[in-house]
Amino acid sequence: MAASEFQHFKYAIIGGGIAGVTCAEHLEIVDGENSTVLISGSDLIKAVTNVLHLSKSIDVFDVEDKHHSYLQQICPSVSVKPAQVKSIQPKEKCIILSSGESISYDKVCVCSGAFPKQLLPEHKHVLYIRDTESVQKFQQRITDASRIVVVGNGGIATEMIYEVTGIEIIWAVKDSWFTAAFIDPGAAEFFKPELAKDKTSKEKSIVKRRKYTVDNLQIKENRDGAVVGGALGPDWHEGLDVSGGPRACQDAESLRRRRVQLVTEVEVVALHEPLTLHSTPELLSRLTQAEKISTDSSGQAKAEQWPVYVELSNGFIYGCDFVVSAIGVTPNTSLLKESDGFTFAPDGGVCVEEDMQTTVPDVYAAGDVCTPSWQWATHWHQMRLWTQARQMGSYAAKCMWSSVSGEHIYQDFCFELFTHATKFFGHKVVMLGLYNGQKLNGQYEMLLRMTSGMEYIKVVMKDGKMQGALLVGETDLEETFENLILNQMDLSSYGEDLLDPDIDIEDYFD
């Protein structure tokens, strides 16, 4: 191999998503004298901006798509290579790129993220929302759509249901209530009226920051031809026109209208082509709604077949223009092999120890690709969210530097308490600790306070101590409840007065 094809860096990072970019930024902070290379599958990288600290362990922030030159400008010790990684050779401490170039390293952090779980692989009428490029494909398809089926019950599906207007949406979820990955049935009832509200002009945010489109960027493809990009952040839909339906047929009011039909406790059984459905009487008899209505060149309405028909486990069949699959993710460990000494958790993530190092020396991992294998703190659990990707990327950088410098560091405080702040249906949402009673095996009590359309507060209690909380709306209770969970103060004497709106508990426990 020619010398020009070989480069050495102190640190190497694979992945230009939130975890990888955060890792690179913090390596610049802790060890800017040594060289770092970040290998991204796209000219786009994910940059965390506008960080706002709500409490000791709760941050809210924006995630922006930026050209990779941005990272090199703010981090002089970091070089970015827009390239696809072909393989990692951990024994030789070498990374082989698809271009044939080789990179050697002292420490490497794998931040390759996750792939969307496949509903039906390689189906032309199924879209997966995971990265910027997939969002652009969705935006192109929805322009002429009349009805879509959204499958999934997590954050991406929830945000899409709220943002998409002007078309009919069939929302198919496997649970008995929506957004079950984050909220309980009570909170779902609080949010339910939002499904029927039309979008107001105030909800259309104006994004002033610079946006990059994939039209003028070099995009790398993986072995299957799929575009590789960083996972979406909390504001992926802002600045995008995601109203559906032919523009010539709808006025402004129609384009803002929400038409959501929620179908619970179902899964997708099969997708049928129009010819198959209409030639099979048994299937046709279960078609639950009318055929697609379009307008011909003379302005006359006419019925036509839908491009695809979705059969659900309840026996019903819905026609639609396309299906959006948002059923979760699978860690992207394709570069890591058991034969090289890596171990993998039951959820598919590569196992990392308390220093974010895998079972292979000098190979670290952060973000969706990894699963912490140490004993988790009582009030922490992994959910593969952008907040945790940022936390892990930051901590992995400190751990790599610690290994190089010999300086001892303590495990990051973020692993003491699960926290996540986001927005659902236009409302601020904060999740703390065991907010849904995770790990408690049903042995807990709940305190609730709800003001319709304004706030929903749920506190999880066990043996008089707060174990978790779900806060919807501008409650300003996150810092107080964070401290009560961490301190494990006995609150038995307060009972239901803990959520009495006439008592300023913020001031009381300050």
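Counting of residues starts from 1 at the beginning of each chain's written sequence and follows it residue by residue. Note on the predicted model: pLDDT of at least 70 is required for a residue's local features to be given, and 80 or more for side-chain atom pairs to be given and counted; whole-chain, interface and lining totals, by contrast, use all residues. Note that the side-chain values use all heavy atoms of the structure and ignore hydrogens as well as water.

## Quick word on the sheet that holds strand 26 (residues 445-451)
Phase 1: Read across the open sheet, the five strands follow the order 24-25-28-27-26; overall the sheet is antiparallel. One side of each edge strand has no neighbouring strand; the edge strands of this open sheet are strand 24 (419-424) and strand 26. Direction aside, neighbouring strands of the sheet carry axes that sit 15° apart on average.
Phase 2: Helix 10 (residues 478-487) contacts strand 25 (427-433), strand 27 (455-462) and strand 28 (465-472) of the sheet and is inclined by roughly 160° relative to strand 28. Strand pairing is defined by DSSP finding a minimum of two bridges between the two strands. Where helices and strands are cited, they refer to DSSP runs of H or I of at least four residues and of E of at least two residues respectively, numbered from the N terminus. Lines fitted to C-alpha atoms define the axes, with helix axes restricted to the stretch in contact, and inter-axis angles between N-to-C directions lie between 0 and 180 degrees. Residue contacts are defined here by distance: any two heavy atoms, one from each residue, within 4.5 Å place the two residues in contact.

## A closer look at helix 9 (residues 386-405)
Phase 1: With 20 residues, helix 9 should cover 28 Å at 1.5 Å per step; its first-to-last C-alpha distance of 29 Å lies within 8% of that length.
Phase 2: At the C-terminal side of helix 9, Gly406 shows a positive phi close to 80°. By this rule the span expected of a helix is its residue count minus one, scaled by 1.5 Å.

## Regarding the confidence of the model for the protein chain
Phase 1: The predictor attaches a confidence to each residue, and that confidence, scored 0 to 100, is pLDDT. Of the residues in the protein chain, 85% reach a pLDDT of 70 or more, and the chain-wide mean stands at 87.
Phase 2: Low pLDDT (under 50) marks residues 204-228, which in the prediction has 52 contacts with non-local residues, meaning those over four places away or in another chain.

## Quick notes on the state of the cysteines
Phase 1: Two cysteine sulfur atoms form a disulfide, by the criterion used here, when they sit within 2.5 Å. Per the stated rule, a full pass over the model turns up zero disulfides.
Phase 2: With no disulfide partner, Cys370 has as its closest neighbouring cysteine sulfur the one in Cys109, 8.1 Å distant.
Phase 3: A relative accessible area of 0% means that Cys370 is categorised as buried. A 1.4 Å probe rolled over the protein chains alone gives each residue an accessible area, and that area as a share of the maximum for its type sets the label: buried under 20%, exposed over 50%, partly exposed in between.

## Some words on the pairing of strand 12 (residues 168-172)
Phase 1: Counting buried residues along strand 12, five of its five residues qualify, which places the element largely inside the surrounding structure.
Phase 2: Side-chain alternation along strand 12 places Glu168, Ile170 and Ala172 on one buried face and Ile169 and Trp171 on a second face that is also buried.
Phase 3: Regarding topology, helix 4 (residues 155-163) serves as the crossover connection from strand 11 (residues 147-151) to the parallel strand 12, and that connection is right-handed.
Phase 4: Relative to strand 13 (residues 259-263), strand 12 runs parallel, the two being bridged by five bridges. Each bridged residue has a counterpart across the sheet, and for Ile170 the counterpart in strand 13 is Gln261. Orient the strands so they point away from the viewer, and a crossover whose first-strand-to-second-strand path over the helix runs clockwise is right-handed.

## Some thoughts on the pairing of strand 25
Phase 1: Most of strand 25 sits out of view: seven of its seven residues are buried.
Phase 2: Across six bridges, the pairing between strand 24 and strand 25 is antiparallel. From the neighbouring strand, Thr422 faces strand 25, where its bridge partner is Val429.
Phase 3: For strand 25 and strand 28, the ladder comprises five bridges, and the chain directions are antiparallel. Note that in strand 28 the partner of Leu432 across the bridge is Ala469.

## Digging into the packing of aromatic side chains
Phase 1: Within 6.5 Å between ring centres, the rings of Phe, Tyr and Trp (the latter by its six-membered ring) count as paired, and their orientation is classed by plane angle as stacked under 30 degrees, edge-to-face over 60, tilted in between. Going through the model one piece at a time under the given rule, you end up with 13 aromatic pairs.
Phase 2: Feature note: the residues Tyr162, Trp171, Phe178, Phe190, Phe191, Phe425 and Tyr456 constitute an aromatic cluster, connected by ring pairs.
Phase 3: Its end group placed over the ring of Tyr70, Lys66 keeps NZ or CZ at 4.6 Å from the ring centre.
Phase 4: We call a charge positioned over a ring when the NZ of a Lys or the CZ of an Arg lies within 6 Å of the ring centre and within 35 degrees of the ring normal. We note Arg390 situated over the ring of Phe61; from NZ or CZ to the ring centre the distance is 5.2 Å.

## Let's talk about the sheet that holds strand 14 (residues 268-272)
Phase 1: The strand order across the open sheet formed by three strands is 14-17-18, and the pairing between neighbours is antiparallel. A strand with exactly one partner marks an edge of an open sheet, and here the two such strands are strand 14 and strand 18 (317-320). With strand direction ignored, the average angle separating the axes of adjacent strands in the sheet is 25°.
Phase 2: Where strand 14 and strand 17 (residues 308-312) come together, four bridges link them in antiparallel fashion. Bridged to Ala270 within strand 17 is Glu311.

## Digging into the side chain of Lys66
Phase 1: Position of Lys66 among the secondary structure elements: in strand 4 (residues 59-67).
Phase 2: Taking the relative accessible area as the measure of exposure, Lys66 reaches 17% and is therefore buried.
Phase 3: As used in this structure description, the phrase polar contact means that two N or O atoms lie within 3.5 Å; if the pair is within protein, one of them must be able to donate a hydrogen and the other to accept it, and residues adjacent in sequence are counted only when both atoms belong to side chains. A distance of 3.4 Å separates the side chain of Lys66 from the side chain of Glu64, its partner in a polar contact.

## Considering the nonpolar core
Phase 1: With 98 residues, the main nonpolar core has Ile95, Phe138 and Met356 as its most contacted residues.
Phase 2: Element by element, the count of residues in this core is highest for helix 9, at eight residues.
Phase 3: Residues within four places of Ile95 in sequence aside, it is in contact with Ala12, Ile14, Ile39, Val85, Ser87, Glu101, Ser102, Ile103, Tyr105 and Val108.
Phase 4: As used here, the term nonpolar core means buried Ala, Val, Leu, Ile, Met, Phe, Trp, Tyr and Cys residues forming a set that is joined through side-chain atoms within 4.5 Å. Counting 20 residues, the second largest nonpolar core, distinct from the first, contains Ile58, Leu417, Val459 and Met461.

## Quick word on helix 4
Phase 1: Within helix 4, eight of the nine residues are buried, leaving the element largely enclosed by the surrounding structure.
Phase 2: Every buried residue of helix 4 is accounted for by Gly155, Ala157, Thr158, Glu159, Met160, Ile161, Tyr162 and Glu163.

## As for the pattern of salt bridges
Phase 1: Salt bridge criterion: a side-chain nitrogen from Lys or Arg within 4 Å of a carboxyl oxygen from Asp or Glu. Tallied over the entire structure, the rule returns 17 salt bridges.
Phase 2: A salt bridge links Lys10 to Asp106, with the nearest nitrogen and oxygen atoms 3.1 Å apart. Of the two residues, Lys10 is situated in strand 1 (residues 6-14) and Asp106 in strand 8 (residues 102-110); the sequence distance between them amounts to 96 residues.
Phase 3: Asp106 sits in the partly exposed class, given a relative accessible area of 22%.
Phase 4: Two residues, Lys428 and Glu474, come together in a salt bridge whose shortest N-O distance is 3.9 Å. Of this pair, Lys428 sits in strand 25 while Glu474 is found in the loop between strand 28 and helix 10, placing the two residues 46 residues apart along the sequence.
Phase 5: Of the residues examined, Glu474 reaches a relative accessible area of 58% and is grouped as exposed.
Phase 6: Salt bridges sharing partners connect three or more residues here, namely Lys93, Lys107 and Asp362.

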